[in-house]
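The lines below spell out each chain.
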Amino acid sequence: MSEHIVPVRIYLTIFLVLLVGTGLTVLAAFIDFDKYGFPSQFNTIVALTIAVAKATFVVLYFMHVRYSPRLVWLIVAAALFWMAIMFSLTFSDYFTRNWLSVGY
Amino acid sequence: MEQQREAGTLGMWVFLVTEIMFFGGMFLAYTVYRSLFPAAFSSASNHLDITLGTVNTAVLIFSSFTMAMAVYNTQIGKPRAQIICLVLTLLLGLTFLGIKGVEYYDKYEDRLIPGSLIPSRPFGPEVQQEGQPFDAHKLHLLPGATVRHVEMFYWIYFAMTGMHAVHMIIGAGLLLVLIYLSLKGRFDPEYHSPVEVVGLYWHFVDIIWIFLFPLLYLLGRHLAHGG
């Protein structure tokens, strides 16, 4: 039994953090950040930042990755890396189509 | 035993990677179409029920917590608490699906199921011909939004939440099996890989929702607010 057992206190803390994160993301969604001089799409940036933070907490603590062997870390990182490739290659197509006026 | 347990967990993670890529494709489609039709996506998003969406997010997070507690109680060898936690997780999962069903019915009522799949409640142009253009959908279209592009949002909405719901249903089935096996006393601190692996799956489904919720429900709220 060398398995790491995460104490209840940590589970409870993460649970509360996730609930607070949900509340924050809903509140932030009603604020028009453009009005206060933030760059455009700032609402989306806030929403995604909170979502990424919440997901990180779930992965690290609920899914025990923080206490897992390096190989699990590697697999998680590989997933994110390939996802980044998929997104960046697709965006490099879709978001550059109107750079040249060759017409489609 | 230690090595076997690690191998099982690792295998689950490899499976979850394929799941990440699977949902990733849908998130990609979402991003491309949202950037093409921002106004329509905001209008359509504002029609979703933010209260039910928020409650559902909390319900799912709670279920993730009870799932983590189920794994914990198995690890420390408390079968009673473990079974209670598993049953709670299952009930919360079913609550989530129930609320999702209410939301889907609401969309049906407002004729927002895309592609004229429902003959008596068509989406789009058919409704316009009756002389009450967009009111039939109860959409408050923002400038630049069209019903056709709202339909695009709802295709993506139903594809993503539908696929997520399918995963929830599979998860509920897995929980039933776990509860059955737990009642037969099959898990102890030495052997409990199934509980742990289903836990990983359940948390993964929770993470998908953590991203779906802001991306589908919250993107246009600040535009409708006060406007």
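In this section: the overall build of chain B. Counting secondary structure elements, chain B contains eight helices and zero strands. For chain B, the succession of helices and strands along the chain, N to C, is α-α-α-α-α-α-α-α. Going through the 227 residues of chain B one by one, you find that 40% of them count as buried. A fraction of 81% describes how many contacts in chain B between residues 6 or more apart in sequence connect residues 24 or more apart.

The subject of this paragraph is the interface of chain A and chain B. Facing the 39 residues of chain A at the interface are 36 residues of chain B. Breaking the side of chain A that touches chain B down by element, the ones donating at least two residues are helix H1 (8-29), helix H2 (42-62) and helix H3 (70-94) of chain A. With 12 residues, H3 of chain A is the largest single contributor of residues to the side of chain A that touches chain B. Considered class by class, the residues forming the side of chain A that touches chain B number 30 nonpolar, six polar and three charged.

Our focus in this paragraph is the domain arrangement of chain A. As far as domains go, chain A holds domain 1 (1-68) and domain 2 (69-104). Centre-to-centre separation of domain 1 of chain A and domain 2 of chain A, based on C-alpha positions: 23 Å.

Bringing unusual backbone geometry into the picture now. Its identity as a non-glycine residue notwithstanding, His64 of chain A has a phi of 65 degrees, on the positive side. Along the polypeptide, His64 of chain A turns up in the loop between H2 and H3. A tally of 21 C-beta atoms within 10 Å means that His64 of chain A is categorised as buried. If you check the backbone angles, Arg111 of chain B has positive phi at about 60 degrees while not being a glycine. Mapped onto the secondary structure, Arg111 of chain B falls in the loop between helix H4 (79-109) and helix H5 (125-129).

Cut-offs and rules
Residues numbered from 1 in each chain as written. Chains lettered and ligands numbered in written order. Predicted model: local features only at pLDDT ≥ 70, side-chain atom pairs only at ≥ 80, totals over all residues. Helix = DSSP H or I, 4+ residues; strand = E, 2+ residues; numbered from the N terminus. Buried ≥ 20, exposed ≤ 12 C-beta atoms within 10 Å, placed from the backbone. Contact = placed C-beta atoms within 7 Å. Nonpolar A, V, L, I, M, F, W, Y, C, P; charged D, E, K, R; others polar. Domains from an automatic or database assignment.

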